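Given next are the chains, with one letter for each unit.
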Amino acid sequence: MEAMTNTVKGWMENPVKFARSHGVPLSSPSDVANPDEQIHILIVEGFLLYNYPPLLDAFDKCYYITIPYEECKRRRRTRQYTVPDPPGLFDGHVWPMYLKHRRAMEASELHIEYLDGMKHKEEIYNQVYEDIQNNLLNRL
């Protein structure tokens, strides 16, 4: 987590320099000749990110996909792991830890937008994309 935090903060200091130093190509829209004038977006994904205090000040927008217990359990059963889950792991550990970390996240000062994980992923993507577009337009 510390290494990831350093990486995120390095990107925040200078996204163009960071991308170049890590071999990440920069797309250059035709109307913006100078990459320093572009809008840079970093997406950080992970289910415990909002519980890690050193990262909390890095987030401009926060999204959290939720699904009900039964659906979560069903999806977990369909995953193929090299070492399968032992019996009772979901109910005895996975779900209780999810609830614990979610309560801690909800107690944070972050403004988190909850997304319905029962929707199709394209619908969730479109919702987030539209929200980010609107946010960027309102900053101009």
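Conventions used here
Residues numbered from 1 in each chain as written. Predicted model: local features only at pLDDT ≥ 70, side-chain atom pairs only at ≥ 80, totals over all residues. Heavy atoms only, no water. Helix = DSSP H or I, 4+ residues; strand = E, 2+ residues; numbered from the N terminus. Rg over C-alpha atoms; globule rule 2.2 N^0.38 Å. Contact = heavy atoms within 4.5 Å. Areas by Shrake-Rupley, 256 points an atom, 1.4 Å probe, with all protein chains shown as cover. Lys, Arg positive; Asp, Glu negative; His and termini not counted. Charge placed at Lys NZ, Arg CZ, Asp CG, Glu CD. Buried < 20%, exposed > 50% of the residue type's maximum accessible area, 1.4 Å probe, protein only. Axes fitted to C-alpha atoms, helices over the stretch in contact; angles between N-to-C directions. Parallel < 35°, antiparallel > 145°, perpendicular 65-115°, else oblique. Left-handed = near helix turned anticlockwise from the far one by under 90°. Nonpolar A, V, L, I, M, F, W, Y, C, P; charged D, E, K, R; others polar. Polar contact = N/O pair within 3.5 Å; in protein donor to acceptor, adjacent residues only side chain to side chain. Expected span 1.5 Å × (residues − 1). Arc of directions from axis to C-beta. Core = buried A, V, L, I, M, F, W, Y, C linked by side-chain atoms within 4.5 Å.

(A) Examining the overall build of the chain more closely. Secondary structure summary: the chain contains five helices and two strands in total. The order of α-helices and β-strands along the chain, N terminus first, is α-α-β-α-α-β-α. Taking 140 residues into account, the globule formula puts the C-alpha radius of gyration at 14 Å, and the chain, at 18 Å, lies well above it. Contacts in the chain between residues far apart in sequence, at least 24 positions, make up 60% of those at least 6 positions apart. Carbon and sulfur atoms provide 55% of the accessible area of the chain, an area that totals close to 10600 Å². Separation between the mean location of the 16 positive side-chain charges and that of the 20 negative ones in the chain comes to 7 Å.

(B) Region of the structure containing the environment of Y52. Relative to the helices and strands, Y52 is located in the loop between helix 2 (15–21) and strand 1 (62–66). Residue class for Y52 comes out partly exposed when judged on its relative accessible area of 22%. Taking the C-alpha atoms as reference points, Y52 and P68, separated by 16 residues in sequence, lie 24 Å from one another. What Y52 contacts, discounting residues up to four positions off in sequence, is M1, E2 and T5.

(C) The arrangement of the packing of helix 3 (residues 69–78) against helix 4 (residues 89–106) in detail. At a closest axis distance of 12 Å, the pairing of helix 3 and helix 4 adopts a crossing angle of 115 degrees. In terms of their interaxial angle, helix 3 and helix 4 are classed as roughly perpendicular. Crossing of helix 3 over helix 4 shows right-handed handedness. Packed against helix 3, whose contacting residues are Y69, C72, K73 and R76, the element helix 4 presents L89, F90, D91, V94 and W95 at the interface. Its residues placed into classes, the contact of helix 3 with helix 4 shows six nonpolar, no polar and three charged.

(D) View of the side chain of T5. Checked against the element boundaries, T5 lands in helix 1 (residues 2–13). What makes T5 buried here is its relative accessible area of 6%. Within the structure, T5 has its side chain in polar contact with the backbone oxygen of M1 (distance 2.8 Å). Not counting the four nearest positions on each side in its chain, T5 is found in contact with Y52, P54 and L55.

(E) A look at helix 1. Taking 1.5 Å per residue, 12 residues should reach 16 Å; helix 1 reaches 17 Å between its end C-alpha atoms and fits that length. Of all the residues in helix 1, the buried ones are T5, V8 and W11. Seen end-on, helix 1 carries its buried residues on one side only, within an arc spanning 125 degrees. Exposed positions of helix 1 whose direction lies more than 90 degrees from the buried face are E2, A3, N6 and E13. Structurally, helix 1 contributes buried residues whose contacts are with helix 2.

(F) Local environment of the nonpolar core. Y50, L55, F59, C62, Y64, L110 and I112 are the most contacted members of the largest nonpolar core, which totals 17 residues. Mapped onto this core, the elements with two or more residues apiece are strand 1 and helix 4.

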